[in-house]
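Here are the chains, one letter per residue:
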Amino acid sequence: RALSRMELKWDGTERMTVDYVKGILQPTPTCDSWDQIWDFQARPDDLLICTYPKAEGTTWTQEIVDLIQNEGDVDRTHRAPTHVRFPFIEWIIQSIGSGLEHANAMPSPRTLKTHLPFQLLPPSFLEKNCKIIYMARNPKDNLVSYYHFHRMNKALPAPGTWEEYFESFLTGKVCWGSWHDHVKGWWEARDQHRILYLFYEDMKMNPKHEIRKLGEFIGKKLDDSVLDKIVHHTSFDVMKQNPMANYSTVPAKVMDHSVSPFMRKGEVGDWKNHFTVAQNERFDEDYQRRMAGTGLTFRFQF
Ligand SMILES: *[C@@H]1O[C@H](CO)[C@@H](O)[C@H](O)[C@H]1NC(C)=O
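A short tour of the structure in this document, coming up. Treat the numbers as computed from the prediction; the structure is a model and nothing was measured.

Quick look at the sheet that holds strand β8 (residues 195-199)
Moving on, step 1. Sheet architecture is open: 4 strands sit in the order β6-β3-β7-β8, paired in parallel fashion. Either end of the sheet is taken by a strand with one partner, and the two such strands are β6 (111-114) and β8. The average undirected angle you get between the axes of adjacent strands in this sheet is 20 degrees.
Moving on, step 2. Both strand β3 (residues 47-51) and β6 contribute to a ladder of 4 bridges, which runs parallel. In the strand pairing of β6, L48 is matched with L112.
Moving on, step 3. The strands touched by helix α13 (residues 207-218) are β3, β7 (131-136) and β8; relative to β8, the strand with the most contacts, the crossing angle is about 170 degrees.

Right, dumping it as structure tokens:
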């Protein structure tokens, strides 16, 4: 296989560069391998977990799904770090590995991860009628979380100042594109395909209920004690201390948890500690215009 130029060069000591794939910003190695990613061969029993980046629900959903599949057996879910258990199909980083190659080599049944917007999803997932779990988070908390993730993760470009990042997010000039288009694209697709569309805020509010829903979608009937066990092991505090879920196994030159930990706060409404009044007004005005008529509603606080 021909290694892409960034893949050969990028070792985590400098910031990742980005480029466009069909109008969507992506890390350069993803762009360079785009044809292979687009041709990815899904298998009918693949389960795909999809989120906009740093919906913080990504890692959370992955952990929940793994515990459901293993009927609450925590030792099984401690077998490997998150990014090894769930290949991230469009993620290609030399010091961590190629999610694409890792997925191709993995025996079935596979649970895979993507951040791709619906229009960039490799077509074979739909052709094979794979089950897909989509998790969305309110955009204000998502923005804050993504900003801090940029700060600590050299595999993304530097975020700039908070003010600059705020504008980049609103104009969709961030990796994986506009939040608004992402949540809308998957929302519109949900009825035509086997997509379970979930909300982070619902998971926070009533994890047991959402975990049961996930279990039904996956096809696992879980008794009450297993559900309670999964709720406990996927609580923020437990996951933050779980070395197989808190990304502490990724080289520190790539993710620097001293800048901002991967598992940061996991709260609903933390955006209030970041947004100025003017930013909030601007955000709301833009949000109402772009989300009108979608039928999608988000909770920004409890
Ligand atoms: C990850 O978990 C390990 C083991 O509990 C802990 O020592 C470490 O501080 C955690 N890392 C972060 C960044 O929270």
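Thoughts on the pairing of β3
Moving on, step 1. The element β3 is extensively covered by neighbouring structure, given that 5 of its 5 residues are classed as buried.
Moving on, step 2. Side chains L47, I49 and T51 of β3 all project onto a buried face; the interleaved residues L48 and C50 project onto the opposite face, where all are buried too.

Considering the nonpolar core
One recurring pattern in soluble globular proteins is that nonpolar side chains are buried together.
Moving on, step 1. Judged by nonpolar contacts, the single largest core of 91 residues is most densely connected at F125, Y134, Y146, V183, Y197 and F298.
Moving on, step 2. If one sorts the elements of this core by residue count, helix α9 (residues 139-152) sits on top with 6 residues.

Overview of the side chain of D46
Moving on, step 1. Assignment of secondary structure puts D46 in the loop between α3 (34-38) and β3.
Moving on, step 2. A distance of 2.7 Å separates a polar atom in the side chain of D46 from a polar atom in the side chain of R110.
Moving on, step 3. When near neighbours in sequence (up to four residues on either side) are disregarded, D46 contacts R110, L112, F125, C130 and K131.

Some words on the packing of helix α11 (residues 179-189) against helix α16 (residues 277-291)
Moving on, step 1. Running from amino to carboxyl end, α11 crosses α16 at an angle of 30 degrees, the nearest separation of the two axes being 11 Å. With respect to α16, the element α11 is oriented roughly parallel. As α11 runs across α16, the sense of the crossing is right-handed. On α16, the residues touching W179, H180, V183 and K184 of α11 are D286, Y287, R290 and M291.

Let's talk about the site of the ligand
Moving on, step 1. All residues in the neighbourhood of the ligand are listed as K240, Q241, P243, N246, S248 and H257.
Moving on, step 2. In this structure, an oxygen atom belonging to the ligand sits 3.5 Å away from a main-chain N or O atom of K240.
Moving on, step 3. Between the ligand and Q241, the relevant distance is 2.6 Å, taken from an oxygen atom to a main-chain nitrogen or oxygen of the residue.
Moving on, step 4. If the ligand stood free it would expose 360 Å²; the protein chains cover 60% of that surface.

Considering the packing of aromatic side chains
Moving on, step 1. Enumeration over the complete set of coordinates arrives at 29 aromatic pairs.
Moving on, step 2. Centroid distance F88 to W91: 5.3 Å. Interplanar angle 20 degrees. Geometry classified as stacked. Neither residue differs from the other here; F88 and W91 are each classed as buried.
Moving on, step 3. On the basis of an interplanar angle of 80 degrees and a centroid distance of 4.8 Å, the ring pair of W187 and Y197 is categorised as edge-to-face. Remark: Y197 occurs in strand β8 and W187 occurs in helix α11; sequence separation between them is 10 residues. Of the two residues, W187 and Y197, neither departs from the other in class, the shared state being buried.
Moving on, step 4. Feature note: the residues Y52, Y146, Y147, W162, Y165, F166, F169, W271, F275 and F283 constitute an aromatic cluster, connected by ring pairs.
Moving on, step 5. Positioned over the ring face of F149 is K54, at 4.9 Å from the centre of the ring.
Moving on, step 6. The residue whose ring lies beneath R137 is Y200, and the NZ or CZ to ring-centre distance is 4.1 Å.

Observations concerning the pattern of salt bridges
Moving on, step 1. For the structure on display, the rule yields 18 salt bridges.
Moving on, step 2. A salt bridge links K265 to D270; its shortest N-O distance comes to 2.9 Å.
Moving on, step 3. The salt bridge involving D286 is made with R290; its shortest N-O contact spans 3.0 Å. With D286 and R290 both in helix α16, this residue pair falls 4 residues apart, about one helical turn. One exposure class covers both D286 and R290, and it is buried.
Moving on, step 4. Each of E63, D66, R79 and R85 takes part in salt bridges that share partners, so that together they form one network.

Notes on unusual backbone geometry
Moving on, step 1. The linkage connecting S108 with the following residue, P109, adopts the cis geometry, with an omega of -5 degrees.
Moving on, step 2. Locating P109 in the fold gives a position in the loop between α7 (99-105) and β6.
Moving on, step 3. Of note, E71 is a non-glycine position whose phi angle comes to about 45 degrees, a positive value.
Moving on, step 4. Tracing the sequence through the fold places E71 in the loop between α4 (57-69) and α5 (74-77).
Moving on, step 5. What makes E71 partly exposed here is its relative accessible area of 48%.
Moving on, step 6. At Y247, a residue that is not glycine, the phi angle is positive and equals roughly 65 degrees.

Reading the values: the criteria
Residues numbered from 1 in each chain as written. Predicted model: local features only at pLDDT ≥ 70, side-chain atom pairs only at ≥ 80, totals over all residues. Heavy atoms only, no water. Pairing = 2+ DSSP bridges. Helix = DSSP H or I, 4+ residues; strand = E, 2+ residues; numbered from the N terminus. Axes fitted to C-alpha atoms, helices over the stretch in contact; angles between N-to-C directions. Contact = heavy atoms within 4.5 Å. Buried < 20%, exposed > 50% of the residue type's maximum accessible area, 1.4 Å probe, protein only. Core = buried A, V, L, I, M, F, W, Y, C linked by side-chain atoms within 4.5 Å. Polar contact = N/O pair within 3.5 Å; in protein donor to acceptor, adjacent residues only side chain to side chain. Parallel < 35°, antiparallel > 145°, perpendicular 65-115°, else oblique. Left-handed = near helix turned anticlockwise from the far one by under 90°. Near = heavy atom within 4 Å. Areas by Shrake-Rupley, 256 points an atom, 1.4 Å probe, with all protein chains shown as cover. Phe/Tyr/Trp six-rings, centres within 6.5 Å; stacked < 30°, edge-to-face > 60°. Lys NZ or Arg CZ within 6 Å of the ring centre and 35° of its normal. Salt bridge = Lys/Arg side-chain N within 4 Å of Asp/Glu carboxyl O.

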